[in-house]
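Notes for the structure review
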Amino acid sequence: MNKKGQLTVFIILGIVILLVAGLGIYFYSKSTQSISRDLPSIAVVQKEAEPVSSFVTACLEKTLEDASRHIGSRGGVYDSSSLSYNFLNPTTQGTNAVQLSKDSKIVIPYWHYMSSDDKCDEVGKCELTESIPKREAIKLNLEKYVNKNIKTCLGEFEDFTQKGISVQELSEPKSTVYIQQNTVGVLLEYKLKVTAQNTQINLDKFTSKIQLNLNEILNLASTITLEEQKYSFLE
């Protein structure tokens with residue numbers, strides 16, 4: 001038996017990216033149901049607050065794209081601090097992830113690995129662990145990323161102050177991600193009071209979505225992992 005039969009999402013998504021880039025195709029899921037309902041509609045914004053609303057929406061789209069890249073490159077995980085890895089000996093018993101390089105901050109969890117000692121063959125008691133992330137877990141990780149990083153894009157709304165528009169934050173941002181058939185959408189609940197041209201306007205909801213068939217990518221990645229378990233064709 002090979003030491004761990006380790007397969008990470010980094011390899012899986014690498015295959016997916018090569019397929020898309022090489023063949024120029026989009027993935028369409030015919031049988032997988034979305035884990036979320038449709039992205040809700042929001043009310044039309046008053047003209048005086050449109051610049052602020054558009055700015056928040058643009059930041060929301062950028063942050064969602066960044067979240068998808070961040071979590072996609074880390075095997076579906078947002079925070080890798082709980083993962084165990086050993087760069088010099090990645091097959092050491094007790095490890096459940098791999099560090100890409102010695103100084104890299106990117107740590108990717110194994111989706112399928114041998115959790116018992118490497119010498120288990122000698123006693124015939126080898127234990128294999130499967131750790132494929134669920135869609136709901138990935139959805140929650142996307143939300144965590146958006147909640148924590150949206151303000152990095154928004155800053156303190158400094159540009160609007162220079163234009164005579166005041167933006168006051170009335171709540172912390174809270175996101176809800178919607179994984180749909182060919183898109184990933186996000187609803188941001190974030191209360192703002194906008195004062196422009198002697199008019200006060202309250203904003204509280206923003207939406208955005210990106211073209212990403214996450215359902216199909218996850219299905220393909222999971223299928224490759226399961227086939228690797230059976231046939232070890234990547235080792």
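The structure under discussion appears in the preceding block.
Residues numbered from 1 in each chain as written. Predicted model: local features only at pLDDT ≥ 70, side-chain atom pairs only at ≥ 80, totals over all residues. Heavy atoms only, no water.

Describing the overall build of the chain
If you tally the helices and strands in the chain, you get five helices and eight strands. Counted from the first residue to the last, the chain has its helices and strands arranged as β-α-α-β-β-β-α-α-β-β-β-β-α. Buried residues in the chain amount to 39% of all 235 residues. Across the chain, every contact between residues at least 6 apart in sequence was considered, and the portion connecting residues at least 24 apart equals 65%. Just so you have it, the chain exposes about 13,600 Å², and 50% of that area is on carbon and sulfur atoms. (Helix = DSSP H or I, 4+ residues; strand = E, 2+ residues; numbered from the N terminus. Buried < 20%, exposed > 50% of the residue type's maximum accessible area, 1.4 Å probe, protein only. Contact = heavy atoms within 4.5 Å. Areas by Shrake-Rupley, 256 points an atom, 1.4 Å probe, with all protein chains shown as cover.)

Some words on the side chain of Thr183
Tracing the sequence through the fold places Thr183 in strand E7 (residues 183-196). With a relative accessible area of 10%, Thr183 lands in the buried category. Here Thr183 is in contact with Tyr178, Lys209, Ile210, Gln211 and Leu212, once residues within four sequence places are set aside.

Here we look at the state of the cysteines
The full count for this structure, using the stated rule, is one disulfide. What pairs with Cys59 in a disulfide is Cys153, and their sulfur atoms sit 2.0 Å apart. Classification of the bridge connecting Cys59 and Cys153 rests on its S-S torsion, roughly -75 degrees, and on that basis the disulfide is left-handed. A residue pair is termed long-range when its members are at least 10 positions apart, and Cys59 in helix H2 (residues 50-72) and Cys153 in helix H3 (residues 135-154) qualify at 94 residues. (Disulfide = S-S within 2.5 Å.)

Looking at the pairing of strand E6 (residues 174-179)
Pairing geometry for E6 and E7, over six bridges, is antiparallel. From the neighbouring strand, Lys174 faces E7, where its bridge partner is Glu189. Where E6 hands over to E7, the hairpin turn is made up of three residues, counted between the paired strands. (Pairing = 2+ DSSP bridges.)

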